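# An overview of the molecular structure
Here is how the chains run, residue by residue.
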Amino acid sequence: MLITLLTDFGTRDTYVGVMKGVIKDIDPHIEIIDLTHEIPAQDIAAGAFALKTSFAYFPPGTVHLAVVDPGVGSARRPIAAHIGSYFYVCPDNGLLSYVLAQEKRREAVILNNTQYWRHPVSRTFHGRDIFAPAAAHLACGVPLSDFGTQAGALLSFPVPTPRMTEGQILCHVISVDVFGNVITDLSEDIYNTWHVTPCVISAAGQDIPGPVASYSDVPDGAALALFGSSGHFEVAVRNGSAARTLGLNIGDGISLSVKTSTHT
Amino acid sequence: MLITLLTDFGTRDTYVGVMKGVIKDIDPHIEIIDLTHEIPAQDIAAGAFALKTSFAYFPPGTVHLAVVDPGVGSARRPIAAHIGSYFYVCPDNGLLSYVLAQEKRREAVILNNTQYWRHPVSRTFHGRDIFAPAAAHLACGVPLSDFGTQAGALLSFPVPTPRMTEGQILCHVISVDVFGNVITDLSEDIYNTWHVTPCVISAAGQDIPGPVASYSDVPDGAALALFGSSGHFEVAVRNGSAARTLGLNIGDGISLSVKTSTHT
Amino acid sequence: MLITLLTDFGTRDTYVGVMKGVIKDIDPHIEIIDLTHEIPAQDIAAGAFALKTSFAYFPPGTVHLAVVDPGVGSARRPIAAHIGSYFYVCPDNGLLSYVLAQEKRREAVILNNTQYWRHPVSRTFHGRDIFAPAAAHLACGVPLSDFGTQAGALLSFPVPTPRMTEGQILCHVISVDVFGNVITDLSEDIYNTWHVTPCVISAAGQDIPGPVASYSDVPDGAALALFGSSGHFEVAVRNGSAARTLGLNIGDGISLSVKTSTHT
C-alpha cells in the first residue's frame, strides 16, 4: 500500500503534512513517498512532466496522488484513474497528459461519491478533503467504481513532439532540471528511427558536440548533448548549467541536422 | 506508532535525519512524518501556529515532536504532554499555546528522568538527546508519568483574537502561507455568531470583496476574502500573492464592518 | 531494513523520488529516511562531512546510500562497503573519507555484478540504475560479496586535523550549518588531551569567549565558542550567524592559545 505525493504546495507550510495525516488516519499502514512539492505554483505542465518522469519506477498498484490545482473550487472535476499498472488521483486538468500519451489501458471516475470525502469539505484545499481520502481508500483496495461515476474522456493537453524531416529534427525544451540540464521532447526511440549519424546539433545559435556517451567526453565547463536518464535528448554543460550558460528556456527549439560536406 | 516532526532546522544539514536515526534506533517500527522543518529560525509563534493547523488531522495517539528551541541549554523546561487525543514533546516555551487554547484535557511532565535521555547530552541539540528519545519511548507506550515529574502550568502566550463590536470585527494577520494567502485570527465559528451580512471588508486601505465561496468568484489577479481550509478568515489574490500585492504582514489589522447605506 | 539517502539532487526534480521508487519496487518493506538532498552540487567534501555527522545515530545494519557523483559515466568505481556496524553504497570518490578515518573494520566491493543493476543503465543517473538497486538488495540481505569483486583500498581525501603545539591549537573551519554555526576539525577528545585552561580563542581577528557551556552564557548577538552537538569545537553567535557576523568560511583558521599574563 504505497501512495506517492506530488504537489505545488512547497514544504514551508503544513499542507503536505496535513494530507499525510489524513491518509494515515484512514489507514496507518499506508506508506507515503514524496515525488516533489516544488512544482512551480499552479504549473500543470511542469506537474505533468514530473509525473511522466517518475510514475513507472514504482511498484505496480502504487497510487500516484497529484495536486496542482489552480481550478480548486471551480468546475474542474476531481478524478481517480487506473492507467496501465498504476492508479492516479488528481484534478482533471491535464496533469495526466504525458501518462495518457504513453498508456492505452485506462478507466477513470469522477470523485463524486461524497462518502469518500472528508467533511466538511473546504473551498480551497481539496487535496486534504477530496484527493487524499480517495487515494487512501484506493490504496486500501476500495474498487475504482465505488468512488463515483465514469469520467469519460480526460482533459489532456497536446504533448510536445519534435518536428522531423529527412534532413533535420527540430525538438523543443520541455523541462530544465535543478542542475540546469535542458531536457527536450526528443526521445531516444524516435531519434533511432532517424538514422542520421553524424549530425550537427544547434542550440541557442551554437554548435553543440553530441550525442556523446557521457559528461566526461567534454572538458569542464563545455556544452554537450546526450540522451539523459529519462531517455530524452538533453543539452548539458559539464559541471555547469546549460540553461544559464546557453540561455535556454522551456519552449526553445534545438535542431539536429544532417552533416553536409562544404567546400570553400 | 506515529511521530510527526516540526522544527526550524531546515533540511540542508543532517540535524533532522539524525533525530530520525535516534528514533529508529529506539524502535525501527516507529513511522515518522515531517510537518515542516522550515519554521523561521527560533520563531516560536510560527511553530505554534503550524502545530495548530495540523495536529488534529493525525490518528489519535500520534506523538507530535516539535523543536523550535531558542532557549536550548538555558532554564526552559523540556516537556511531554497528553493534550486531548494527542501527545506532544517539546520545550515549554509557548509552542503549545494554540493547542492548549483549544483543548481542556491535559497532563504534562518535565522530561527530567535521565533514563530516557540519550547520553552524553549535548549543550546545543536537545532535539537529538532529550526530545527525540522521549518521543520514541512515548510512541512505544511508556506512560507519560515515567518521563519525569508533573509539570504544572505550561507556558502559553496569549493567542491573538479578533476585537468584535456590534458594528465591526477587527481581526489580525497571524500567518502568511507560501502562496501569499493572508490568514487571520477570525474563525468561521466566531464570524457566524456576528450575524452581519453583507459586510464591508477593508485591508491595507482597500475594499475587498467577500467572504466569497471560492477563488473562482473573482477574476485572475483580483483580491478576495474567504474562509480558508483552516476555518479561518483569509485574504487572497486569485492566482497571485495577497501578502505581496496588498503589502500585508503578520500583525496587520483587517476590518469587517456593517454595510451602511449612504446618501450624498 | 532501513536505507538512508544523501544526495546533491535537491528536492525540486523527481530524481530522489525515482530512486525511492526503484528501492520500493525491489522490496516494499524497506524504509527510507532522507539525510539531506541539499549537499552543494558535486561537493564531495560536504557530502563526506554530512555522512560523518549522521551515520552512527542509526540502527546497526542500516544501509547509507550516498550519491554525490561528479564522475558519473567516467572511470570512478561504484562501490558497496561494510564499515563498522553500517553498510555504505556510493561512488568511490572520497565520500567515505571521514567514516574510514573513524572505523578500522571494513570490507568493500566494486558494484560490477550487472545482475544487481537496473537495465538499461543510463549514462548520467547511476543513483537510480546502480546505487539504489544495490542498496535495496543489500538491505534485503544479499551478501556484500555477491555484488562484485573486492575493491581493495578506497579513495579517501586527507581529513582536516588541527595543528597542535604546546602553546597553541590551530584548527580549521570544516562546515557551516544553516544557522551560521562554524564547525571546526577540533574534537572535544583532542582538546581534552591539551590540558590548557583557560585559553584565548581567536577567530577572524577577534577574541571569542569560551569554550562556554551553552549559548545562554553570552548576551544576544554576541560571539562564543563551545563544543557543539557533533562533539566538535564551534564558533557561534547567540541568536545570530557566526559565519556572517565574523566573515568565517570553510578552510579558515581559528586559534586557541595559552593565556599569558601581560604586564604593561
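First, a word on what this report is: a plain description of the structure on this page.

The rules behind each value
Residues numbered from 1 in each chain as written. Chains lettered and ligands numbered in written order. Predicted model: local features only at pLDDT ≥ 70, side-chain atom pairs only at ≥ 80, totals over all residues. Heavy atoms only, no water. Contact = heavy atoms within 4.5 Å. Buried area = accessible area lost by both parts, 1.4 Å probe. Salt bridge = Lys/Arg side-chain N within 4 Å of Asp/Glu carboxyl O. Polar contact = N/O pair within 3.5 Å; in protein donor to acceptor, adjacent residues only side chain to side chain. Least-squares fit on C-alpha atoms with pLDDT ≥ 70 in both. Phe/Tyr/Trp six-rings, centres within 6.5 Å; stacked < 30°, edge-to-face > 60°. Helix = DSSP H or I, 4+ residues; strand = E, 2+ residues; numbered from the N terminus. Buried < 20%, exposed > 50% of the residue type's maximum accessible area, 1.4 Å probe, protein only. Pairing = 2+ DSSP bridges. Axes fitted to C-alpha atoms, helices over the stretch in contact; angles between N-to-C directions. Expected span 1.5 Å × (residues − 1). Parallel < 35°, antiparallel > 145°, perpendicular 65-115°, else oblique. Left-handed = near helix turned anticlockwise from the far one by under 90°. Nonpolar A, V, L, I, M, F, W, Y, C, P; charged D, E, K, R; others polar.

## Some details on the interface of chain A and chain C
- Counting from both sides, the interface comprises 31 residues of chain A and, opposite them, 29 residues of chain C.
- Across the chain A to chain C interface the summed buried area is about 2400 Å²; carbon plus sulfur atoms make up 53%.
- Ranking the residues of chain A by area buried against chain C places Tyr57, Phe179 and Ser229 of chain A at the top, with a combined share of 25%.
- Connecting chain A to chain C are two salt bridges.
- Across the pair arginine 123 of chain C and glutamate 188 of chain A runs a salt bridge whose closest N-O atoms are separated by 3.7 Å.

## What to know about the interface of chain C and chain B
- Listed by partner, the interface residues are 31 residues for chain C and 29 residues for chain B.
- Buried surface at the junction of chain C and chain B, summed over both partners, amounts to about 2400 Å²; 53% is from carbon and sulfur atoms.
- The largest share of the area that chain C buries against chain B comes from Tyr57, Phe179 and Ser229 of chain C, three residues that together contribute 26% of it.
- For the interface between chain C and chain B, the tally reads two salt bridges.
- On the surface where chain C and chain B come into contact, there are 14 residue pairs in polar contact (both at pLDDT 80 or more).

## Brief notes about the relation of the copies chain C and chain B
- Once turned by 120° and shifted 0.0 Å along the axis, chain C lies on chain B with an RMSD of 0.0 Å. Put plainly, the chains are arranged around a three-fold axis. Taking the C-alpha atom as reference, chain C places glutamate 31 of chain C closest to the rotation axis, 5.3 Å from it.

## Regarding the packing of aromatic side chains
- Tallied over the full model, the rule gives 39 aromatic pairs over all chains.
- Ring centres of tyrosine 98 of chain A and phenylalanine 157 of chain A lie 6.2 Å apart, and the angle between their planes is 85°; on these two criteria the pair is classed as edge-to-face. Remark: phenylalanine 157 of chain A occurs in the loop between helix H4 (126-139) and strand E7 (163-164) and tyrosine 98 of chain A occurs in helix H3 (residues 97-102); sequence separation between them is 59 residues.
- Judged by relative accessible area, which is 22%, phenylalanine 157 of chain A ranks as partly exposed.
- Centroid distance phenylalanine 55 of chain C to tyrosine 86 of chain C: 5.9 Å. Interplanar angle 85°. Geometry classified as edge-to-face. With a gap of 31 residues between them, phenylalanine 55 of chain C in the loop between helix H2 (44-54) and strand E3 (63-67) and tyrosine 86 of chain C in strand E5 (residues 86-91) connect regions that are remote in the sequence. Accessibility assignment for this pair places phenylalanine 55 of chain C and tyrosine 86 of chain C in one class, buried.
- Among the aromatic side chains, those forming a connected cluster through ring pairs are Phe9, Tyr15 and Phe125 of chain A together with Phe179 of chain B.

## Describing the environment of leucine 51 of chain C
Residue and element names in this part refer to chain C.
- The residue leucine 51 is located in helix H2 in this model.
- With 175 residues separating them in the primary sequence, leucine 51 and leucine 226 have C-alpha atoms 22 Å apart.
- Residues in contact with leucine 51, not counting those within four places in the same chain, are Leu6, Leu35, His64, Ala66, Leu95, Leu96 and Val99.

## Observations concerning the sheet that holds strand E4 (residues 78-83) of chain C
All names here are of chain C.
- On the basis of which strands lie adjacent, the open sheet formed by six strands has the order E2-E1-E3-E5-E4-E6 and mixed pairing. If you trace the sheet from one side to the other, it starts and ends with strand E2 (31-36) and strand E6 (106-110), each paired once. Between one strand and the next, the sheet's axes are offset by a mean angle of 20°, whatever the strand orientation.
- Pairing of strand E1 (residues 2-7) with E2, which is carried by five bridges, proceeds in the parallel orientation.

## Concerning helix H1 (residues 15-26) of chain A
Residue and element names in this part refer to chain A.
- The first and last C-alpha atoms of H1 sit 17 Å apart over 12 residues, in line with the 16 Å expected at 1.5 Å per residue.
- Counting buried positions over the 12 residues of H1 gives 10, a clear majority of the element.
- All of the buried residues in H1 are Tyr15, Val16, Gly17, Val18, Met19, Lys20, Gly21, Val22, Ile23 and Lys24.

## Observations concerning the environment of alanine 134 of chain C
- Within the element layout of this structure, alanine 134 of chain C appears in helix H4 (residues 126-139).
- A sequence separation of 85 residues divides alanine 134 of chain C from proline 219 of chain C, and the C-alpha atoms of the two residues are 51 Å apart.

## Comments concerning the sheet that holds strand E1 (residues 2-7) of chain A
All names here are of chain A.
- Taken in spatial order, the six strands line up as E2-E1-E3-E5-E4-E6 in an open sheet, and their pairing is mixed. The open sheet has two free edges, formed respectively by strand E2 (31-36) and strand E6 (106-110), since each of these has just one partner strand. Taken over all neighbouring pairs, the strand axes of this sheet differ in orientation by 20° on average, direction set aside.
- Helix H2 (residues 44-54) contacts E1, E2 and strand E3 (63-67) of the sheet and is inclined by roughly 150° relative to E1.

## Description of the packing of H1 of chain A against H4 of chain A
Residue and element names in this part refer to chain A.
- Closest axis-to-axis distance for the H1/H4 pair is 9 Å, and the angle between their directions is 40°. For the element pair H1 / H4, the angle class is oblique. Handedness of the H1/H4 crossing: right-handed. Residues Val18, Met19, Val22, Ile23 and Ile26 of H1 form the contact with H4, whose participating residues are Gly127, Arg128, Ala132, Pro133, Ala136 and His137.
- Grouping the constituent residues of the contact of H1 with H4 by class yields eight nonpolar, two polar and one charged.

## Some remarks on unusual backbone geometry
- For the bond running from glycine 210 of chain A to proline 211 of chain A, omega is -10°, close enough to zero to count as cis.
- Structurally, the position occupied by proline 211 of chain A is in the loop between strand E11 (206-208) and strand E12 (223-227).
- In the Ramachandran plot, asparagine 239 of chain C falls in the positive-phi region, its phi being about 50° despite a non-glycine side chain.
- With respect to the helices and strands, asparagine 239 of chain C occurs in the loop between strand E13 (232-237) and helix H6 (242-246).
- Asparagine 239 of chain C gets classed as partly exposed once you look at its relative accessible area, which sits at 40%.

## Overview of the pattern of salt bridges
- For the structure on display, the rule yields 30 salt bridges over all chains.
- Between lysine 24 of chain B and glutamate 31 of chain C there is a salt bridge, with the nearest N and O atoms lying 2.8 Å from each other. Residue lysine 24 of chain B is located in helix H1 (residues 15-26), and its partner glutamate 31 of chain C is located in strand E2; the two belong to separate chains.
- Classification of lysine 24 of chain B as buried rests on a relative accessible area of 2%.
- The structure contains a network of salt bridges with shared partners spanning Arg118, Arg128 and Asp129 of chain A.

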